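Okay, here's what each chain looks like letter by letter:
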Amino acid sequence: MHIKTKSIPWIIIGSYFLFGSMWILLSDTILYRFSTDFITNKEMGLYKGWFFILLTCIFLYFLLKHLLQKNKEMESQLLESEERYRRLVESSPYAICLLRDGEITYTNQTGLEMAGVHSLSDLYQNRESLVVNHHDQKKIKEILHSIHTNQNAIPETIEYQLLRSNNEIIDVESTLIPITFDQKVMTIIQTRDITERKQAVKELWEAKQLIQAIISASPIATLALDMNANIRLWNPAAEKIFGWHSDEVIGKKSPIVPQGEKDITIPEIIKHGHIVNKEVQRMRKDGSIVHTALSTAPIQDEEGQINGIMAAFMDITDKKKTEEALLKTEKLSAVGQLAASVAHEIRNPLTSVKGFIQLLNDDKPFADKTPFLSIMLSEIDRMDAIIKDLLVLAKPQASHFTYFKVNELLSYVLQLLSTQASLYNITFMKDFTDEDDTLYGEENQLKQVFINLIKNAIEAMPEGGSVCLKTAVKEAEIEVTLTDEGVGIPTHKLKTLGEPFYTTKEEGTGLGLLSSFKIIENHHGTIDFISEVGIGTKVTIRFPKNSNGS
């Protein structure tokens with residue numbers, strides 16, 4: 001039981017009045033009941049008064065002693081409570097200030113240290129300059145005004161920057177709490193330093209921005225999946241490689257696994273850990289297949305539990321093409337070695353044949369009877385040139401580039417193949433340009449190119465037809481177009497033309513076009529095929545005019 005100090009006088013007066021009233025009533029009643037003598041009653045009344053005073057003093061003594069003891073205990077408890085709260089406030093990691101009538105009347109040690117001052121007077125002198133931003137100063141004043149004018153005011157929290165005495169700026173968070181004491185409204189300001197938290201939040205935000213920038217700028221398609229395999233992240237590279245926009249796939253199942261392709265499930269990823277550069281096929285939005293290298297990593301929450309998967313797909317389509325090109329190069333190397341061997345074996349007997357024909361040609365009587373010896377020598381020379389062309393596949397040879405007329409070269413080739421064309425009931429149609437068609441190149445090599453192409457056109461028309469040969473000069477290039485009415489080439493086979501040992505003919509070797517492609521490439525030219533099955537094939541060859549083909 002706690003007794004307030006101001007209540008003690010009333011307790012004494014009330015107790016004295018109650019005790020005195022009961023004494024008078026009880027003592028007079030008893031006295032008049034046992035005696036009716038006035039003198040005796042008067043003497044007894046005198047002794048009764050002195051006895052009342054004695055009893056009253058004894059009663060008041062014990063009452064005051066009890067009240068003083070209770071008051072002392074209460075003061076002790078109050079001092080203990082005050083000391084407890086004082087220590088609590090002084091040891092608080094928060095700066096605690098008491099604001100009364102616009103003045104700071106108290107602050108704990110943390111508050112002084114936070115402000116960088118040594119005493120309350122220093123803090124009071126600098127209180128106007130503690131808040132850095134003028135807008136924050138105005139906001140704090142508005143909150144204080146609301147607290148002092150509104151009886152139902154509630155605590156409010158504000159973040160701002162505080163200027164310490166050493167001109168260091170720190171970020172703080174203050175909670176302004178209204179309290180009432182002696183019927184006056186005061187404010188407790190509880191402040192904590194949030195500089196490290198703000199810095200951590202800033203660093204976290206910057207790290208997040210950096211990661212987002214890396215993911216956005218990465219050429220690797222990056223996906224994040226939750227444990228239900230729903231997409232949580234879809235970066236721009238994924239949009240570019242697979243074709244779906246992020247709005248179309250976020251929150252949905254992955255649409256990139258083609259039909260018939262086994263997908264790698266999340267439990268499998270968790271079981272086997274990280275997957276690095278596993279080659280898989282994935283599907284684009286248009287239905288086409290893209291070759292990718294898949295790498296995965298688990299995503300963990302703050303407790304270390306896996307709550308998602310990060311998957312990265314690297315487009316290795318170009319790499320696959322490079323590998324195919326490498327295989328083709330290996331084939332070319334084998335073809336080159338074979339060509340060198342075959343050319344060497346052919347040139348030995350061919351030299352002997354050429355020598356005997358020359359001897360016969362020197363015999364005038366025999367030569368007059370045999371006018372075709374000169375043609376035979378010319379064809380043997382061309383055969384020798386063709387063998388040299390085969391050697392190009394094995395080892396680059398020195399080419400003799402000269403200026404020549406394309407129309408004249410094509411006319412020679414048509415004359416050379418006219419006999420074979422007649423056997424197949426083929427007619428040649430020429431549409432040659434009248435403009436300057438001078439080309440700088442290796443004439444014999446280009447003869448072989450056009451011989452190969454025209455022979456292919458003849459063999460593609462077993463029932464006869466026509467082959468149209470057209471030349472044109474367009475700006476800085478010479479264009480030669482060869483059109484036949486043959487069986488045509490299927491679309492899926494067009495892209496494989498020129499590969500070694502690949503041919504559309506039953507008895508072909510595939511080396512003719514291979515050699516032709518190589519020669520055209522050496523002349524910095526291009527060759528294009530357009531074909532339709534049952535209609536025919538159109539071959540367009542373009543050479544840069546006056547190009548130095550060396």
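Conventions and cut-offs
- Residues numbered from 1 in each chain as written.
- Predicted model: local features only at pLDDT ≥ 70, side-chain atom pairs only at ≥ 80, totals over all residues.
- Heavy atoms only, no water.
- Core = buried A, V, L, I, M, F, W, Y, C linked by side-chain atoms within 4.5 Å.
- Buried < 20%, exposed > 50% of the residue type's maximum accessible area, 1.4 Å probe, protein only.
- Helix = DSSP H or I, 4+ residues; strand = E, 2+ residues; numbered from the N terminus.
- Contact = heavy atoms within 4.5 Å.
- Axes fitted to C-alpha atoms, helices over the stretch in contact; angles between N-to-C directions.
- Parallel < 35°, antiparallel > 145°, perpendicular 65-115°, else oblique.
- Left-handed = near helix turned anticlockwise from the far one by under 90°.
- Nonpolar A, V, L, I, M, F, W, Y, C, P; charged D, E, K, R; others polar.
- Pairing = 2+ DSSP bridges.
- Polar contact = N/O pair within 3.5 Å; in protein donor to acceptor, adjacent residues only side chain to side chain.
- Expected span 1.5 Å × (residues − 1).
- Arc of directions from axis to C-beta.

A. Geometry of the nonpolar core. Among the nonpolar cores identified, the biggest contains 35 residues, and Leu410, Leu446, Phe450, Leu453, Ile454 and Ile541 are the most heavily contacted of them. Of all the elements, helix H15 (residues 443-459) adds the most residues to this core, at eight residues. Other than its neighbours up to four places away in sequence, Ile541 contacts Val449, Phe450, Leu453, Ile478, Glu479, Val480, Ile520, Thr526 and Ile527. Counting residues in hydrophobic clusters, the runner-up holds 22 residues, among them Leu112, Leu130, Ala153 and Tyr160.

B. Representation of the packing of helix H13 (residues 406-416) against H15 in the model. Two numbers describe how H13 lies on H15: the axes approach to 10 Å, and their chain directions differ by 50°. Relative to H15, H13 is oriented oblique. Handedness of the H13/H15 crossing: right-handed. From H13, Leu409, Leu410, Tyr412, Val413, Leu414 and Leu416 reach across to H15, where they touch Glu443, Leu446, Lys447, Phe450, Ile451 and Ile454. Residue classes in the contact of H13 with H15 are distributed as ten nonpolar, no polar and two charged.

C. Inspection of the sheet that holds strand S3 (residues 156-163) at higher detail. Taken together, the five strands give an open sheet; going across it, the order is S2-S1-S5-S4-S3, and neighbouring strands pair in antiparallel fashion. Each having just a single partner strand, strand S2 (103-107) and S3 make up the two edges of the open sheet. Going from strand to strand, the sheet's axes swing by 30° on average, the running direction of each strand aside. The pairing of S3 with strand S4 (residues 169-181) spans eight bridges and is classified as antiparallel. Its bridge partner being in S4, Glu156 is matched across the sheet by Leu176.

D. Fine view of the side chain of Asn407. Assignment of secondary structure puts Asn407 in helix H13. Looking at Asn407, its side chain comes within polar contact range of the main-chain oxygen of Thr433, at 3.0 Å.

E. Summary view of the side chain of Ser92. Within the secondary structure, Ser92 is located in the loop between helix H2 (38-90) and strand S1 (95-100). What makes Ser92 buried here is its relative accessible area of 12%. Separated by 3.1 Å, the side chain of Ser92 and the backbone nitrogen of Tyr94 make a polar contact. In this structure Ser92 touches Asn108 and Thr110, once residues within four positions along its chain are discounted.

F. Local environment of helix H5 (residues 134-149). The end-to-end C-alpha distance of H5 is 23 Å, a good match for the 22 Å that 16 residues give at a rise of 1.5 Å each. Within the span of H5, buried status applies to Asp136, Ile140, Ile143, Leu144 and Ile147. Projected onto a plane normal to the axis of H5, the buried residues spread over an arc of 100° and lie on a single side. Pointing more than 90 degrees away from the buried face of H5 are the exposed residues His134, His135, Lys141, His145 and Thr149. Tucked into the core, H5 has its buried residues touching S1, S3, S4 and strand S5 (184-193).

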